[in-house]
Amino acid sequence: MITRLVPLMLLLPVLALADAVGSIPASIGPTSHAPIGVMGDHTHRAGEWMVSYRLMDMEMDGLRDGDNQISAAQVTGTMMAPGAYRVAPTRMTMSMQMLGVMYAPSDSLTLMAMTSYKTHEMDHITRMGMRFTTKAEGLGDTRLAGLFKVYQSADHSHHVHVSAGLSVPTGSIDERDDTPAMADAKLPYGMQLGSGSYDLMPGVTYQGYAGNYNWGAQLAAVLPLERNDNGYRFGNRGAASVWVARKASDYLSYSLRLYGESQGKLDGDRDDLNPMMVTTADPDNYGGEYASLSYGLNLYLPGGALKGHRFALEYTIPLYQKMNGIQLEREPSLNAGWQLAF
């Protein structure tokens, strides 16, 4: 799907530039929101609602040890020369659908809630060369947040808001599937649908507007408060985004976004997982440092039957990956979304 959409994404801005940029200012047109991959990027006026739907497809393929690419054979070894693990993952696909709602009880406060539905699928190879796949599917964790406007310039061309969020553990951490070693085996940490813990999610976002341009930056963190019922918690995660968007017409804009992320190792472990069986069962093989570049398109319909609807795409290319331990490396991914404020 991604390979079919990329040529269209590259072509649309060229076509849009043939149109004269209209009179809608950047702060209320297709550039009024950040790229679709940025969560909690804007606030609303008192009494305003917004509903949204996002779809994220992500794939990981091939292995890295730190920032070096390695093969599955180097991980598992052979029967005559065993490696560190009996099983190596070779590929993982993740699809996440997110449904969100925002409501502003006042001009200075916007409330947000978002839930998700996830599908995880991972391919493996054993030391003996046997291949198998495990899968998990279901509800993910739920995010609740308050967005507090702390600054807005007199001409509304600059504003800053802070977010105070909480991730509620509604996603399962007890998913199972069949493996060659065991029927109905407990799946490793990365294949579970939720974190199992309550996580603080603080953040701060800035956006600016001038002429046909929007730019902004966001700092965000995920801070687990405790180990979950299975005795572990994911490492603290910090992330930063900076972006710039240009309005091509009253209905279309395009954007570039640079993203960086750092996450600590998993803390604790499960009693029912053997960390020497597969890399994903070893707590040392989680977290790391990442950087990526995203190219986005944002469509806003100012009139007609779909007045006020927004549609957006964002294609992300990894730039840098340094893993904690051995992990699958990230491939290009796609975000798509729809938003409607009323």
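Residues numbered from 1 in each chain as written. Predicted model: local features only at pLDDT ≥ 70, side-chain atom pairs only at ≥ 80, totals over all residues. Heavy atoms only, no water.

A.B. asks: Please clarify how the nonpolar core should be interpreted in this entry.
C.D. replies: As a rule of thumb, nonpolar side chains are buried together in soluble globular proteins. Core analysis: the biggest nonpolar cluster contains 17 residues, and Met60, Leu63, Val75, Ala88, Met92 and Leu328 have the highest contact counts within it. Contributions of two or more residues to this core are made by strand S1 (49-65), helix H2 (72-76), strand S3 (87-106), strand S4 (109-126) and strand S18 (326-330). Residues contacting Leu63, with those up to four places away along its chain left out, are Asn68, Gln69, Ile70, Ser71, Ala72, Val75, Ala88, Pro89, Ile326, Gln327 and Leu328. If you look at the next biggest cluster of nonpolar residues, it comprises 11 residues, including Val87, Phe132, Ile173 and Val278. (Core = buried A, V, L, I, M, F, W, Y, C linked by side-chain atoms within 4.5 Å. Buried < 20%, exposed > 50% of the residue type's maximum accessible area, 1.4 Å probe, protein only. Helix = DSSP H or I, 4+ residues; strand = E, 2+ residues; numbered from the N terminus. Contact = heavy atoms within 4.5 Å.)

A.B. asks: So what exactly am I meant to see when it comes to a nonpolar patch on the surface here?
C.D. replies: On the surface, Tyr213, Val242, Val244, Leu256, Leu258, Leu293, Ile317, Leu319 and Tyr320 cluster together into a nonpolar patch covering about 760 Å² of accessible area. Put simply, the parts of the chain that give the nonpolar patch at least two residues each are strand S13 (237-247), strand S14 (252-263) and strand S17 (309-323). The biggest single contributor to the nonpolar patch is S17, with three residues. Here Leu258 is to be found in strand S14. (Patch = residues over 30% accessible without salt bridge, like charges linked within 9 Å, V, L, I, M, F, W, Y side chains within 5 Å. Areas by Shrake-Rupley, 256 points an atom, 1.4 Å probe, with all protein chains shown as cover. Salt bridge = Lys/Arg side-chain N within 4 Å of Asp/Glu carboxyl O.)

A.B. asks: Which parts of the structure should I look at to understand the pattern of salt bridges?
C.D. replies: Pairing between side chains becomes possible if they bear opposite charge and their charged atoms approach one another. Applying the stated criterion across every chain yields a total of 13 salt bridges. Its salt-bridge partner being Glu137, residue Lys135 comes within 3.9 Å of it at the nearest N-O pair. According to the relative accessible area criterion, Lys135 is partly exposed, its value standing at 39%.

A.B. asks: Where do I start with the side chain of Asp282 in this structure?
C.D. replies: In this fold, Asp282 is placed in the loop between strand S15 (267-268) and strand S16 (288-300). Buried charge without a salt bridge: Asp282, with Lys265 as the nearest opposite-charge side chain at an N-O distance of 8.0 Å. Of note is the side chain of Asp282, whose polar atom sits 3.0 Å from the backbone nitrogen of Asp284. Each residue touching Asp282, except ones within four places of it in the same chain, is listed here: Tyr85 and Pro275. (Lys, Arg positive; Asp, Glu negative; His and termini not counted. Polar contact = N/O pair within 3.5 Å; in protein donor to acceptor, adjacent residues only side chain to side chain.)

A.B. asks: When you look at the environment of Asp41 in this model, what are you seeing that I'm missing?
C.D. replies: For Asp41, the location among the structural elements is in the loop between helix H1 (2-16) and S1. The spacing of Asp41 and Gln327 is 286 residues in sequence and 30 Å in space, taken between C-alpha atoms. Once you skip the residues sitting within four places of it in the chain, Asp41 turns out to touch His33, Ala34, His161, Thr205, Gln207 and Gln218. Among the polar contacts made by the side chain of Asp41, one reaches the main-chain amide nitrogen of Ala34 at a distance of 2.8 Å. A polar contact is formed between the side chain of Asp41 and the side chain of His42, at a distance of 3.0 Å.

A.B. asks: Is there a simple way to think about the packing of aromatic side chains in this case?
C.D. replies: For any pair of aromatic rings, the description consists of the separation of the ring centres together with the inter-plane angle of the planes. This model, assessed by the stated rule, comprises five aromatic pairs. Summarising the aromatic geometry, the rings of Trp49 and Tyr103 are spaced 4.5 Å apart at their centres and angled 35 degrees between planes, so their arrangement reads as tilted. Of this pair, Trp49 sits in strand S1 while Tyr103 sits in strand S3, placing them 54 residues apart in sequence. Its relative accessible area of 37% is what places Trp49 among the partly exposed residues. Judged by its relative accessible area of 28%, Tyr103 falls in the partly exposed class. Between Tyr189 and Tyr286, the aromatic rings sit 5.7 Å apart at their centres with planes inclined by 90 degrees, giving edge-to-face as the arrangement. In this pair, Tyr189 is assigned in the loop between strand S9 (185-186) and strand S10 (199-210) and Tyr286 in the loop between S15 and S16, connecting sequence segments 97 residues apart. Of the two residues, Tyr189 and Tyr286, neither departs from the other in class, the shared state being buried. (Phe/Tyr/Trp six-rings, centres within 6.5 Å; stacked < 30°, edge-to-face > 60°.)

A.B. asks: Would you mind showing me how to read the confidence of the model for the protein chain here?
C.D. replies: Mean pLDDT for the protein chain: 92, with 92% of residues reaching 70 or above. pLDDT under 50 marks residues 1-24. Its contacts with residues more than four places away, or in other chains, come to 40 contacts. (pLDDT = per-residue confidence, 0-100.)

A.B. asks: What is the right way to read the environment of Gly29 from this model?
C.D. replies: Secondary-structure assignment places Gly29 in the loop between H1 and S1. Considering only alpha carbons, one finds Gly29 and Asp250, 221 residues apart in sequence, at a separation of 6.4 Å.

A.B. asks: Is there a simple way to explain the pairing of S14 in this structure?
C.D. replies: One face of the sheet, then the other: side chains in a regular strand alternate in exactly this way. Here 11 bridges tie S13 to S14, and the two strands are oriented antiparallel to one another. In the strand pairing of S14, Ala245 is matched with Ser255. Adjacent in sequence and paired antiparallel, S13 and S14 are bridged by four residues. Strand direction decides the pairing type here: S14 and S16, joined by 12 bridges, are antiparallel. In the sheet register, Tyr259 faces S16, and the bridge partner there is Ser292. (Pairing = 2+ DSSP bridges.)

A.B. asks: Looking at this model, I keep getting lost on unusual backbone geometry. Mind explaining?
C.D. replies: Negative phi characterises most residues that are not glycine, and trans characterises most peptide bonds. If you check the backbone angles, His156 has positive phi at about 65 degrees while not being a glycine. By the secondary structure assignment, His156 is in the loop between strand S6 (142-152) and strand S7 (158-168). Of note, Asp184 is a non-glycine position whose phi angle comes to about 55 degrees, a positive value. Here Asp184 shows up in the loop between strand S8 (176-177) and S9. Of the residues examined, Asp184 reaches a relative accessible area of 43% and is grouped as partly exposed.

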